[in-house]
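# Fold and geometry: a report
Each chain, written out:
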Amino acid sequence: ICCCCLIFSNAMESSRKYLRTVYIPEGVTEIGAEAFSGCPKLEIYIPASVKKIGKNAFKGIHKKAVFVVPKKAKKKLRKKLTAKVGFQKKTMKIK
């Protein structure tokens with residue numbers, strides 16, 4: 001059994017303008033720097049297993065992007081979703 005635990009830096013570089021919804025599977029522990037940066041319209045599902053989010057991972061995504069996180073991990077992930085990773089507190093939502 002192979003389990004990917006990292007989404008690499010610039011992972012979505014070639015498909016940025018087409019990407020709309022991303023479901024990160026449970027077990028992924030790290031989202032690399034600029035992994036989803038520049039994806040214009042993105043709704044992203046982040047599992048509780050994510051421990052680290054790289055610099056500018058979400059920089060340049062739509063200002064009204066929605067981040068869906070499990071209830072049990074909402075508080076923990078809210079602390080990781082900061083301006084450093086590209087999260088815009090005033091316009092983006094965490095559900």
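That block above? That's the structure.
A brief report on the enclosed structure follows. This is a predicted model, so every value here is computed, not measured.

## Remarks on the overall build of the chain
Secondary structure assignment for the chain yields one helix and seven strands. Scored against the burial criterion, the 95 residues of the chain give a buried share of 40%. Just so you have it, the chain exposes about 6000 Å², and 56% of that area is on carbon and sulfur atoms.

## A look at unusual backbone geometry
Not every positive phi belongs to a glycine, and Glu34 is a case in point at roughly 60°. With respect to the helices, strands and loops of the structure, Glu34 is situated in the loop between strand 3 (30-31) and strand 4 (43-45). Positioned with a positive phi, Asn56 is a non-glycine residue whose angle comes to about 60°. Within the secondary structure, Asn56 is located in the loop between strand 5 (52-53) and strand 6 (66-68).

## Digging into the packing of aromatic side chains
Under the counting rule described, the total for this entry stands at four aromatic pairs. Both rings, one in Phe36 and one in Phe58, keep their centres 5.9 Å apart while their planes meet at 5°; by these two values the pair is stacked. Within this pair, whereas Phe36 is found in the loop between strand 3 and strand 4, its partner Phe58 is found in the loop between strand 5 and strand 6, the two being separated by 22 residues in sequence. The buried category is assigned to Phe36, whose relative accessible area is 0%. Measuring from centroid to centroid gives 5.3 Å for Phe67 and Phe87, while their planes differ by 70°, and the two rings are edge-to-face. With a gap of 20 residues between them, Phe67 in strand 6 and Phe87 in the loop between helix 1 (74-80) and strand 7 (93-94) connect regions that are remote in the sequence.

Each value, and the rule that gives it
Residues numbered from 1 in each chain as written. Predicted model: local features only at pLDDT ≥ 70, side-chain atom pairs only at ≥ 80, totals over all residues. Heavy atoms only, no water. Helix = DSSP H or I, 4+ residues; strand = E, 2+ residues; numbered from the N terminus. Buried < 20%, exposed > 50% of the residue type's maximum accessible area, 1.4 Å probe, protein only. Areas by Shrake-Rupley, 256 points an atom, 1.4 Å probe, with all protein chains shown as cover. Phe/Tyr/Trp six-rings, centres within 6.5 Å; stacked < 30°, edge-to-face > 60°.

By themselves these figures say nothing about function.
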